[in-house]
Amino acid sequence: RQMFADYARSRPVPIEPSIRNGVVRTAARTADTTTFEARRRFLKQADNQEDNHVFGGAMIRVRDPQLVLRILELGLTDEWPPGNASWYLRNVGYYSGHPGLAKDFILKNFEAVQAKASRWGRSWTLPATFAGFNHNKEADQLLAVQRRLVSDDAMAPAEQIAEAIREKAAVRDREEKRLPELLQSFITDK
């Protein structure tokens, strides 16, 4: 975080290129509003694909729910090119750890979100939005809402992500049963 703060100063301290992506993403996880706005400024100033990838990819990893909501709101403006905005909108829930927040926002603003997406991207908006879930009910909801809002012709991405959600649900269900025993082993091993 300190390395990013030094980089974000008016007279920046460069970050070693081999670790820049990791430094920027690590600082993004726990970003406050000031750090978020610095990253947003860098993204606005990006003049090459690498900087777009580094700063945009880091931005959607923020954990603060208010900043996640800010990204979602900005995605509906002209802040970013439509392709980038569409990618941030549909992936911020997964990468931030707030899939429910992103899902609710995208379902509420579905037409505006789809207007940002490419023809190919439209079939992936909902599946990517649901990718962070690990309960069977979300897999079922994804399939239903994809069929209702997109079309039967665009079901392949939803079916693929629904299957991944079901696999995560099965692992979660299996491992939840072992959790008390595992926690107890940490206590008794010391």
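Residues numbered from 1 in each chain as written. Predicted model: local features only at pLDDT ≥ 70, side-chain atom pairs only at ≥ 80, totals over all residues. Heavy atoms only, no water.

The next subject is the pattern of salt bridges. It is possible for side chains of opposite charge to pair when their charged atoms get near one another. Considering all chains together, one arrives at 12 salt bridges under this definition. A salt bridge links Lys44 to Glu79, with the shortest nitrogen-to-oxygen separation between them at 3.8 Å. Taken together, the positions of Lys44 in helix H3 (residues 33-45) and Glu79 in the loop between helix H5 (65-75) and helix H6 (82-96) put the pair 35 residues apart, joining distant regions of the chain. Here Glu176 makes a salt bridge to Arg172, at a shortest N to O gap of 3.7 Å. Remark: Arg172 and Glu176 occur in helix H12 (residues 155-188); sequence separation between them is four residues, near one turn of the helix. The exposure class of Glu176 is partly exposed, given its relative accessible area of 47%. Each of Glu37, Arg40, Lys44 and Glu79 takes part in one network of salt bridges that share partners. (Salt bridge = Lys/Arg side-chain N within 4 Å of Asp/Glu carboxyl O. Helix = DSSP H or I, 4+ residues; strand = E, 2+ residues; numbered from the N terminus. Buried < 20%, exposed > 50% of the residue type's maximum accessible area, 1.4 Å probe, protein only.)

Moving on, we get to the packing of helix H2 (residues 17-29) against helix H4 (residues 49-59). Here H2 crosses H4 at 25°, and the two axes come no closer than 8 Å. On the basis of their axis angle, the class for H2 and H4 is roughly parallel. Relative to H4, H2 is oriented so that their crossing is right-handed. From H2, Arg20, Asn21, Val24, Arg25 and Ala28 reach across to H4, where they touch Glu50, Asp51, His53, Val54, Phe55, Gly57 and Ala58. Across the contact of H2 with H4, the residue classes tally to five nonpolar, three polar and four charged. (Axes fitted to C-alpha atoms, helices over the stretch in contact; angles between N-to-C directions. Parallel < 35°, antiparallel > 145°, perpendicular 65-115°, else oblique. Left-handed = near helix turned anticlockwise from the far one by under 90°. Contact = heavy atoms within 4.5 Å. Nonpolar A, V, L, I, M, F, W, Y, C, P; charged D, E, K, R; others polar.)

Okay, H6 next. The first and last C-alpha atoms of H6 sit 21 Å apart over 15 residues, in line with the 21 Å expected at 1.5 Å per residue. Within H6, the axis deviates most sharply at Arg90, by approximately 40°. Listed in full, the buried residues belonging to H6 are Ala85, Ser86, Tyr88, Leu89, Arg90, Asn91, Val92, Gly93 and Ser96. Looking at the residues trailing H6, positive phi occurs at Gly97, about 85°. (Expected span 1.5 Å × (residues − 1). Bend = angle between axes of the 7 residues up to and from the residue.)

So, on to the packing of aromatic side chains. Going through the model one piece at a time under the given rule, you end up with eight aromatic pairs. Between Phe42 and Phe55, the aromatic rings sit 5.1 Å apart at their centres with planes inclined by 20°, giving stacked as the arrangement. Of the two residues, Phe42 is situated in helix H3 and Phe55 in helix H4; the sequence distance between them amounts to 13 residues. For the pair formed by Phe42 and Phe55, the shared burial category is buried. Their ring planes at 90° and their centres at 5.1 Å tell us that Tyr94 and Tyr95 sit as a pair that is edge-to-face. For Tyr94, a relative accessible area of 42% translates into the label partly exposed. Residue classification places Tyr95 among the partly exposed positions, given a relative accessible area of 27%. (Phe/Tyr/Trp six-rings, centres within 6.5 Å; stacked < 30°, edge-to-face > 60°.)

Everything listed is a geometric property; what it means functionally is a separate question.
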